[in-house]
Amino acid sequence: QVQLVESGGGFVQAGGSLRLSCAASGRTFSDYTMGWFRQAPGKEREFVAAIKKSGGSTYYADSVKGRFTISRDNAKNTVYLQMNSLKPEDTAAYYCAADRTVISISNSRSWDYWGQGTQVTVSS
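Worth saying up front: this structure is predicted, and the values here are computed from it rather than measured.

**Quick word on the sheet that holds strand β7 (residues 68-73)**
- With respect to topology, 4 strands assemble into an open sheet ordered β1-β3-β8-β7, the strand pairing being antiparallel. For this open sheet the edge positions go to β1 (3-7) and β7, each flanked by a neighbour on one side alone. In this sheet, adjacent strand axes meet at a mean angle of 15° when their direction is disregarded.
- Here 6 bridges tie β7 to strand β8 (residues 78-83), and the two strands are oriented antiparallel to one another. Looking at the pairing, Ile70 lines up with Leu81 of β8.

**Considering the environment of Ala97**
- Along the polypeptide, Ala97 turns up in strand β9 (residues 92-99).
- Separated by 52 residues in the primary sequence, Ala97 and Arg45 have C-alpha atoms spaced 12 Å apart.
- Setting aside anything within four residues of it in sequence, one finds Ala97 in contact with Leu4, Thr33, Met34, Gly35, Phe37, Trp111, Tyr113 and Trp114.

**So, the state of the cysteines**
- Inspection of every chain in the model, using the stated rule, returns 1 disulfide.
- Two residues share a disulfide in this structure: Cys22 and Cys96, whose sulfurs sit 2.1 Å from each other. Between Cys22 and Cys96, the S-S torsion sits near -80°, and that sign places the bridge as left-handed. Taken as a pair, Cys22 in strand β3 (residues 18-25) and Cys96 in strand β9 lie far apart in primary sequence, 74 residues in all.
- With a relative accessible area of 0%, Cys22 lands in the buried category.
- What makes Cys96 buried here is its relative accessible area of 0%.

The rules behind each value
- Per chain, residues are indexed from 1 in the order of the written sequence.
- Only residues with pLDDT of 70 or above have their local features reported here, since the model is predicted, and side-chain atom pairs are shown and tallied only from 80 upward, although totals for entire chains, interfaces and linings are computed over all residues.
- By convention in this description, side-chain values take in all heavy atoms of the structure and omit both hydrogens and water.
- By this definition, two strands are paired if DSSP reports at least two bridges between them.
- Numbering of helices and strands starts at the N terminus; helices are DSSP runs of H or I of at least 4 residues and strands are runs of E of at least 2.
- Fitted lines through C-alpha atoms serve as axes, helices being fitted only where they are in contact, and the angles separating the N-to-C directions of these axes extend from 0 to 180 degrees.
- Any pair of residues with heavy atoms lying within 4.5 Å of one another is described as a contacting pair.
- What counts as a disulfide here is a pair of cysteine sulfur atoms lying within 2.5 Å.
- To sort residues, take the accessible area from a 1.4 Å probe on protein chains only and compare it with the maximum for the residue type: under 20% means buried, over 50% means exposed, and anything in between is partly exposed.

If you want it as structure tokens, here you go:
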């Protein structure tokens, strides 16, 4: 089992920045690909970003490319999502995910472990 705990969400004005963190415990963190998803009310959970085990490869949804950066610190068992130039449409609950052998990174059903989520609200 892997336990994931997100933090760093909050309320910010459009154009602002937030950094989300996800602390992992329970297994060897460096064995897992890590990802971020988000879900707005009434919408399906959507892929935001992912980072491979070593941190050498990163993936982003088109909607956040150039604005969001995913990174990881394997020594701290933590993955981060730096969010800049935030827009009202980025408002959602953000979830951290982990998987050892994720096949389809952008498909939420491919991921085994999830955190409880942290809310991000961007005002216009």
